[in-house]
Amino acid sequence: METAHDRLRRRRRITLTVAALALAAAGAGTIAVAWPSGHDAARTEAAHTRSATAASDPPSTPHAAPADGAPAPNATTSTGEPPPAAAAETPATAVVPPPPRAGGGGLPLSGRVVMLDPGHNPGNGGHSREINKQVYAGGLTKECDTTGTETDQGYTEAEFTLDVAHRAKRLLEAQGATVVYTWESEAWGPCVDERAARGNTAKADAVVSIHADGGPAGGRGFHVILPASIKDKNVDTTPILAPSRTLGGLLAKAFRAATGTSPATYLGTDDGLVTRTDLGGLNLSTRPKVFIECGNMRNASDAAQFTDPSWRERAASGIATGITAYLLKGT
């Protein structure tokens, strides 16, 4: 039976946990990036965003960059064309996340719902007809899904994202969160519109889509993709722009600290944040949502990290810490 002394010690541990996680909270800016060849070599997406927001706080102190990962702000994309310069604009005011829902357990994230969206599906390659069908993606139509990318040794993005999602789920549940997936055991897909719909239906407090990029082989590093302003038919992303920006900034900062990796050298961003208009998973979301590209599968150094279970655990820790910091911000 728990004594009064035990209860006091437990409350102190919870208070210290919340305080430590809240220290991660910080604002962040965004840049817009041209994406001529899409998310990876298998995709045909094109980014339309040309606006950007200036950083409201300086990025965290970076870890030493690996020898082959020196920043390359003028690096070209996989098509050989440099990203266009982004014009600065006033950052939007960050929206404080909603207060905790009623829930028991006394843990920091009790009553909160997090949706994790593991990018792609290992079965997509065997269902080309299904994943190639066009679906509405918010201002445009595009493929239901793609196969994603892979390392030169054949380790697929879909395998990686599901593994990291499982690890992050365990860490978030240890903090009391209710964690759901957009998919886990389906044979293929689901389509990007359905992935967004599932987060909306779950009324998730935060949604993170986990990916790995297929960028130029000479570039490495992570980046976080934020939703852009989209108004089309019944779609209006305005309500989620500010909270998603807050989520993305905290996620980038936590991921960088947990993994020791730096923002993508081939995108020309210091804080690891970019904005895109061509992702249905973001355009159709009504919940605060971001994508994280955990690194570049086409780069040998990043690929070696992806295949290391201990690094995947650190990546999951960074994702869970960033989400936790967002959900605790303002509480």
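Here the structure is a predicted model, which is why all the values come from computation and not from measurement.

Draft legend 1. Quick peek at the overall build of the chain. Helix and strand content of the chain: eight helices and 11 strands. Sorting the 331 residues of the chain into buried and exposed places 53% on the buried side. Of all intrachain contacts in the chain linking residues separated by at least 6 positions in sequence, the fraction that spans at least 24 positions is 81%. Here the chain has roughly 13800 Å² of accessible surface; of this, 55% comes from carbon and sulfur atoms.

Draft legend 2. Just the state of the cysteines, in detail. Summed over all chains, the structure comprises one disulfide. Residue pairing for Cys144: its cysteine sulfur links by disulfide to Cys191, the two sulfurs lying 2.0 Å apart. Judged by the sign of its S-S torsion, about -95°, the bond between Cys144 and Cys191 is left-handed. Of the two residues, Cys144 is situated in the loop between strand 4 (141-143) and helix 3 (157-174) and Cys191 in the loop between strand 5 (178-181) and helix 4 (192-201); the sequence distance between them amounts to 47 residues. For the pair shown, Cys144 and Cys191 are each scored as buried.

Draft legend 3. Broad picture of the nonpolar core. Formed by 40 residues in total, the largest nonpolar core has its most connected members in Val208 and Ile319. For this core, the secondary structure elements donating two or more residues are strand 2 (113-118), helix 3, strand 5, strand 6 (206-213), strand 7 (223-227), helix 5 (238-259), strand 11 (289-296) and helix 8 (309-328). For this core, the element with the highest residue contribution is helix 8, accounting for 10 residues. Those residues in contact with Val208 that sit more than four places away from it in its chain are Met115, Leu116, Asp117, Leu247, Leu251, Val290, Ile292, Ile319 and Ile323. If you look at the next biggest cluster of nonpolar residues, it comprises eight residues, including Ile225, Tyr266, Val274 and Leu282.

Draft legend 4. Representation of unusual backbone geometry within the structure. A cis amide bond links Gly189 with the next residue in sequence, Pro190, at an omega value of 0°. With respect to the secondary-structure elements, Pro190 resides in the loop between strand 5 and helix 4. One non-glycine residue, His120, lies in the positive phi region at around 70°. Structurally, His120 can be placed in the loop between strand 2 and helix 2 (128-132). Positive phi, normally seen in glycine, also occurs at Lys203, with a value near 50°.

Draft legend 5. Structural context of the environment of Leu251. Along the chain, the position of Leu251 falls in helix 5. Leu251 sits in the buried class, given a relative accessible area of 0%. Sequence separation between Leu251 and Ile292 is 41 residues; the distance between their C-alpha atoms is 8.3 Å. Other than its neighbours up to four places away in sequence, Leu251 contacts Val208, Val224, Val290, Ile292, Gly318, Ile319 and Gly322.

Draft legend 6. Up close: the environment of Met297. For Met297, the position within the fold is in the loop between strand 11 and helix 7 (300-306). C-alpha separation for the pair Met297 and Glu150, spaced 147 residues apart in sequence, amounts to 5.9 Å. In contact with Met297, not counting residues within four places along its chain, are Thr149, Glu150, Thr151, Asp152, Tyr155, Thr156, Glu157, Phe160, Ala212, Asp213, Ala303 and Phe306.

Draft legend 7. Representation of the packing of aromatic side chains. The tally for this structure, following the rule as stated, stands at four aromatic pairs. Arranged with centres 5.6 Å apart and planes meeting at 75°, the rings of Phe306 and Trp311 form a pair that is edge-to-face. Exposure remark for Phe306: the relative accessible area of 0% places this residue in the buried category. With relative accessibility at 1%, the residue Trp311 sits in the buried group. Here the guanidinium or amino end of Lys233 rests over the ring plane of Tyr136, the centre of that ring lying 4.6 Å away.

Draft legend 8. Just helix 5, in detail. Here helix 5 spans 32 Å end to end across 22 residues, near enough to the 32 Å set by a 1.5 Å rise per residue. Of all the bends in helix 5, the greatest measures close to 25° and is centred on Ser244. Burial within helix 5 is extensive, with 17 of its 22 residues counted as buried. Backbone geometry just downstream of helix 5 places Gly260 in the positive-phi region, at approximately 75°.

Parameters at a glance
Residues numbered from 1 in each chain as written. Predicted model: local features only at pLDDT ≥ 70, side-chain atom pairs only at ≥ 80, totals over all residues. Heavy atoms only, no water. Helix = DSSP H or I, 4+ residues; strand = E, 2+ residues; numbered from the N terminus. Buried < 20%, exposed > 50% of the residue type's maximum accessible area, 1.4 Å probe, protein only. Contact = heavy atoms within 4.5 Å. Areas by Shrake-Rupley, 256 points an atom, 1.4 Å probe, with all protein chains shown as cover. Disulfide = S-S within 2.5 Å. Core = buried A, V, L, I, M, F, W, Y, C linked by side-chain atoms within 4.5 Å. Phe/Tyr/Trp six-rings, centres within 6.5 Å; stacked < 30°, edge-to-face > 60°. Lys NZ or Arg CZ within 6 Å of the ring centre and 35° of its normal. Expected span 1.5 Å × (residues − 1). Bend = angle between axes of the 7 residues up to and from the residue.

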